[in-house]
Amino acid sequence: DLTLDRLRKDIEDIKKKLDNTSVNVKLELADLKKQFNMEKETLRVTYMRDIQSKRKVTEKLDKEHQKLVEQEQKQIEELRAANTRLRATLERLPKQMVEVTASN
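Attention in this report is confined to the structure presented alongside it.

Structural notes on a nonpolar patch on the surface
Turning to step 1, where the next piece is worked out: A cluster of nonpolar residues, Leu-43, Tyr-47, Met-48 and Ile-51, forms a patch on the protein surface that exposes about 400 Å² of accessible area.
Turning to step 2, where the next piece is worked out: For Tyr-47, the location among the structural elements is in helix H1 (residues 2-103).

This is the structure we're talking about:
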């Protein structure tokens, strides 16, 4: 009977240890989840800052590129206008040559 009581006591001790272990595991798991969420938030903030920084650089480069495109477009328009004037002059040139030779 003494052995049976001792075994019951051992079983109770084991149950208590198991319950304590279960509680400890739950606490550790909660701490790990909390730590994970904090790390996740830290990374999110870091990535958002990086994205904002790169967005600003991209916008700046885009504005510079747009200025270059506008300058090129203006130059193209000026060259087209000059080309149109030159063609008009070249079209009038044969008539003027005939008039000059006829007047001499």
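Some thoughts on H1
Turning to step 1, where the next piece is worked out: Taking 1.5 Å of rise per residue, the 102 residues of H1 would be expected to cover 152 Å, and the 147 Å separating its terminal C-alpha atoms lies within 8% of that figure.
Turning to step 2, where the next piece is worked out: For H1, the principal kink sits at Leu-93 and spans about 30 degrees; a proline, Pro-94, occurs within the next four residues.

Looking at the pattern of salt bridges
Turning to step 1, where the next piece is worked out: Counted by the stated rule, this structure contains three salt bridges.
Turning to step 2, where the next piece is worked out: Between Lys-54 and Asp-50 there is a salt bridge, and its shortest N-O distance comes to 3.8 Å. Remark: Asp-50 and Lys-54 occur in helix H1; sequence separation between them is four residues, near one turn of the helix.
Turning to step 3, where the next piece is worked out: Classification of Lys-54 by relative accessible area gives exposed; the value is 51%.

Cut-off values and rules
Counting from 1, residues in each chain are numbered in the order their sequence is written. Local features in this predicted model are restricted to residues whose pLDDT is 70 or higher, and side-chain atom pairs enter the listing and the counts only when it is 80 or higher, whereas totals over whole chains, interfaces and linings include all residues. No hydrogens and no water enter the side-chain calculation; it runs on all heavy atoms of the structure. Patch construction takes residues with relative accessible area above 30% that form no salt bridge. Like charges are linked within 9 Å, and nonpolar side chains (Val, Leu, Ile, Met, Phe, Trp, Tyr) are linked within 5 Å. Only the protein chains shown count as cover for residues, with accessible areas throughout obtained via the Shrake-Rupley method and a probe of 1.4 Å. Whenever a carboxyl oxygen of Asp or Glu lies within 4 Å of a side-chain nitrogen of Lys or Arg, that contact is scored as a salt bridge. A run of H or I in DSSP becomes a helix once it reaches four residues, and a run of E becomes a strand once it reaches two; helices and strands are each numbered from the N terminus. For a helix, the expected span equals 1.5 Å multiplied by the number of residues minus one. At every residue, the bend is computed as the angle between two fitted axes, covering the seven residues ending there and the seven beginning there respectively. Exposure classes here rest on a 1.4 Å probe applied to the protein chains alone. A residue is buried below 20% of its type maximum, exposed above 50%, and partly exposed in between.

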